[in-house]
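Notes for the structure review
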Amino acid sequence: MNKNSLKILEKNRDPFRSVKLTVGITISIIFIFPIIWMMFVSVKPDGFMTTNPVEWFTPPYTFSNYVDLIMNSLILRWLWNSLIVAVITTILTLVITSLAAFAISQMKFRFKNTIFIFFLLGLMIPGEATIIPLYEIVKSLNMIDSYAGLILPMIASPLGVIILKSFFDGVPREVIESAIMDGCSYLKLFYKIVLPLAKPAMAAIGIFTFIGSWNNFLWPYLSILSETLYTLPVGLPVFNSTYSQAYVQPMTANAIASIPVIVAFLIFEKQIVKGISFTGIKG
Amino acid sequence: MNSKKKAWMQDLRALPFLLPFFIAYLIFTIFPIFKGLEMSLYEWNLVRKLEFVGLENYTEMFQDEFFWDSLWNTTLFVILTTPTMVALALVLALLANLNTKLQTFFRGSFFLPSILSVAVISFLAIFMLQPYNGLVNTVLQLVGINAEPFWMADKTLAWVTIVVVTLWWTVGFNMVLFLAGLQDIPESLYEASEIDGATRWEQFRYITLPQLIPIGRVILLLQILASYKVFAQILLITGGGPGGATRPLIQYIYEVGFTKNNLGYAATMSYALFFILLVLSIIQLRSQRSEGK
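Residues numbered from 1 in each chain as written. Chains lettered and ligands numbered in written order. Predicted model: local features only at pLDDT ≥ 70, side-chain atom pairs only at ≥ 80, totals over all residues. Heavy atoms only, no water.

What follows concerns the packing of aromatic side chains. Aromatic ring pairs are described here by two measures, namely the spacing of the ring centres and the angle between the planes. A complete count under the given rule lists 42 aromatic pairs over all chains for this structure. Ring plane angle 90° and centroid distance 6.1 Å describe the contact between Tyr 42 of chain B and Trp 44 of chain B, whose orientation is recorded as edge-to-face. Through successive ring pairs, a cluster of aromatic residues spans Tyr 135, Phe 217 and Tyr 221 of chain A together with Phe 231, Tyr 254 and Phe 258 of chain B. The ring of Phe 116 of chain A has Lys 165 of chain A lying over it, and the distance from NZ or CZ to the ring centre is 5.1 Å. Residue placement shows Lys 49 of chain B over the ring face of Tyr 42 of chain B; its charged tip is 4.7 Å from the ring centre. (Phe/Tyr/Trp six-rings, centres within 6.5 Å; stacked < 30°, edge-to-face > 60°. Lys NZ or Arg CZ within 6 Å of the ring centre and 35° of its normal.)

Right under this line is the structure:
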């Protein structure tokens, strides 16, 4: 029996299939409904409010809120900050974790096991519980209220090293040995041969780091003081509380903050989902 | 070349590969643990170190009812979210694994909230739950429920809000993990049971569920660990209120450190959190290892 006919059989056999589909559709709609509502509110005329739920979704629509916010607030700046911080954090994380993982996986040096175990310890140290001393340390490095202070404390990911090491371990010995026989330097071996083979792992860690940085709240909330350096998660609340009872402007701000990630998600859904099941862990 | 010199050469070659990670790791991951210990033994404010106080911060912590209250609130959050999260994630994963044209739609919409910023999801919740003209209350009116719930002002409702919003926001991650587990179950198990005439329920009960136990255990522990770190959505949705009834430990630590200008005591309470999380993650690593993962 091939897989297809088995699946047809399965379809025929499940008496609750339509019930399951209905439940699935209902939950899906509940899950995306708030996001759709946000989009509709963001194009309502400024100051709009209603007690009739249907009216949130009916015209008139306007894009003037978007124009207004983009011109008169720091929101694009915050979007840019979030993006820059997330991109640099991701790149640096990938670079330093892959270099370290390569050394541990492929090079010979003394105390290798001790060093690897020392890195493993990091898995057990929760960033949230060391954030007060971290603040002091970053302060003494003069990096409070700077991009560097946002980025550097987040890049040493022990999980990244572990995942990449196990991936590099899987590179066939013969490939490595013949490259070394040909006089290939370790650096060349690293980026010409080993790294390309580890693309799926790199992509998974990259996506993970990016989402983590994009959504990071606690650390930027503590370490950034000037409004021009806020990232979106820290900036948006300022906005929402300023206009607390009005709906339209805060929702437009939320929409501006969300549209780029939603678009990115729709494009990369498969990779993101794969990346998460790959790393099997979350931030 | 003698062997000692050769070993040195090898070390030297590995150094540039190891050093960038090692330095960042040492400064920002390892050093804070020792720095925190030092801070907890001092009177220490936002500007500088003041005076050595020995274990005074620790005795203060054990007598501080706000510390115990916020630790209990965090624990309550863990108790409320963990079982609901795991159960919902499993249900969503089963739905998202159905063989249907809607599969991508299901997966996408279950996961979509997870990528939104915590500020966005928190303010969506606040605005939808606004009394009098918030969407949820007006819909309640429409279907004939005339209660006008003040979602953030009532202790129980505030917890309901926080838990439901957290489920909606983060269940997608756990669903994806379950989904990966579901796809790892060998097709042959189902085929064999088919031949034996097993019903769908029996297949679920005796194949799917037992096969999901390893990944389920990982999800459970990760969830407990993640929930103990709860902070942002509570701060933004209820501000810890009403009257501190939902304030989690991290928020209290933050307030003591940065509002009350007492970093020494904040570092002390961080240590308490550190030990709770340390024990949990040791348990997690142990159980992951015992699965050979």
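Once you've had a look at it, read on.
Take unusual backbone geometry next. Positioned with a positive phi, Asp 145 of chain A is a non-glycine residue whose angle comes to about 65°. By relative accessible area, which is 23% here, Asp 145 of chain A ends up partly exposed. Its identity is not glycine, yet Asn 261 of chain B carries a phi of approximately 60°, on the positive side. For Asn 261 of chain B, the position within the fold is in the loop between α11 (249-259) and α12 (263-290). (Buried < 20%, exposed > 50% of the residue type's maximum accessible area, 1.4 Å probe, protein only. Helix = DSSP H or I, 4+ residues; strand = E, 2+ residues; numbered from the N terminus.)

It is worth spelling out the interface of chain B and chain A at this point. Counting from both sides, the interface comprises 100 residues of chain B and, opposite them, 102 residues of chain A. Summed over both sides, the interface between chain B and chain A buries roughly 9300 Å², with carbon and sulfur atoms accounting for 76% of that surface. Counting the surface chain B buries against chain A, the share from its top three residues, Phe 17, Phe 21 and Phe 28 of chain B, is 9%. At the surface where chain B touches chain A, the tally comes to two salt bridges. As a salt-bridge pair, Lys 229 of chain B and Glu 128 of chain A come within 3.8 Å of each other at their nearest N and O atoms. (Contact = heavy atoms within 4.5 Å. Buried area = accessible area lost by both parts, 1.4 Å probe. Salt bridge = Lys/Arg side-chain N within 4 Å of Asp/Glu carboxyl O.)

Another point: the UniProt feature "transmembrane region" (unreviewed entry) in chain B. Residues and elements named next belong to chain B. Here the UniProt-annotated "transmembrane region" (unreviewed entry) positions come out as residues 12-34, 76-98, 110-129, 157-180, 218-243 and 263-283. Secondary structure within residues 110-129 divides into 65% helix and 0% strand; the distance between the first and last C-alpha atoms comes to 21 Å. Along residues 218-243 the backbone is 62% helical and 0% strand, and the end-to-end C-alpha distance reaches 35 Å. (UniProt positions renumbered as here; feature names shortened; annotations may be inferred.)

Moving on to a nonpolar patch on the surface. A cluster of nonpolar side chains, Trp 80, Leu 83, Val 87, Ile 88, Ile 91 and Val 95 of chain A, forms an exposed patch at the surface whose accessible area comes to about 500 Å². Its place among the elements puts Val 87 of chain A in helix α4 (residues 75-106). (Patch = residues over 30% accessible without salt bridge, like charges linked within 9 Å, V, L, I, M, F, W, Y side chains within 5 Å. Areas by Shrake-Rupley, 256 points an atom, 1.4 Å probe, with all protein chains shown as cover.)

This part is about the confidence of the model for chain A. For chain A, per-residue confidence averages 84 on the pLDDT scale, and residues scoring 70 or more make up 91% of the total. In the model of chain A, helix α1 (residues 3-13) of chain A stands out as the element of lowest mean pLDDT, 55, in contrast to helix α7 (residues 147-151) of chain A, which has the highest, 95. (pLDDT = per-residue confidence, 0-100.)

Once that is clear, we can look at the domain arrangement of chain A. All names here are of chain A. Assigned domains within chain A: domain 1 (3-68) and domain 2 (73-279). Across the contact, 16 residues belong to domain 1 and 13 residues belong to domain 2. For the domain 1 and domain 2 pair, buried surface summed over both sides reaches about 1200 Å², with 78% attributable to carbon and sulfur atoms. By the criterion of area lost to domain 2, the three top residues of domain 1 are Met 38, Met 49 and Tyr 66, representing 37% of everything that side buries. For the pair domain 1 and domain 2, the interface holds two residue pairs in polar contact (both at pLDDT 80 or more). Secondary structure elements with two or more residues in the side of domain 1 that touches domain 2: α2 (17-42) and α3 (64-72). At six residues, α2 tops the list of elements feeding residues into the side of domain 1 that touches domain 2. Of the residues assigned to the side of domain 1 that touches domain 2, the class counts are ten nonpolar, three polar and three charged. (Domains from an automatic or database assignment. Polar contact = N/O pair within 3.5 Å; in protein donor to acceptor, adjacent residues only side chain to side chain. Nonpolar A, V, L, I, M, F, W, Y, C, P; charged D, E, K, R; others polar.)

Attention now moves to the UniProt feature "transmembrane region" (unreviewed entry) in chain A. Mapped onto this structure's residue numbering, the UniProt feature "transmembrane region" (unreviewed entry) falls at residues 21-40, 78-103, 115-135, 147-168, 189-211 and 251-268 of chain A. The span residues 115-135 of chain A is 57% helical and 0% strand by assignment, and the distance between its end C-alpha atoms comes to 26 Å.

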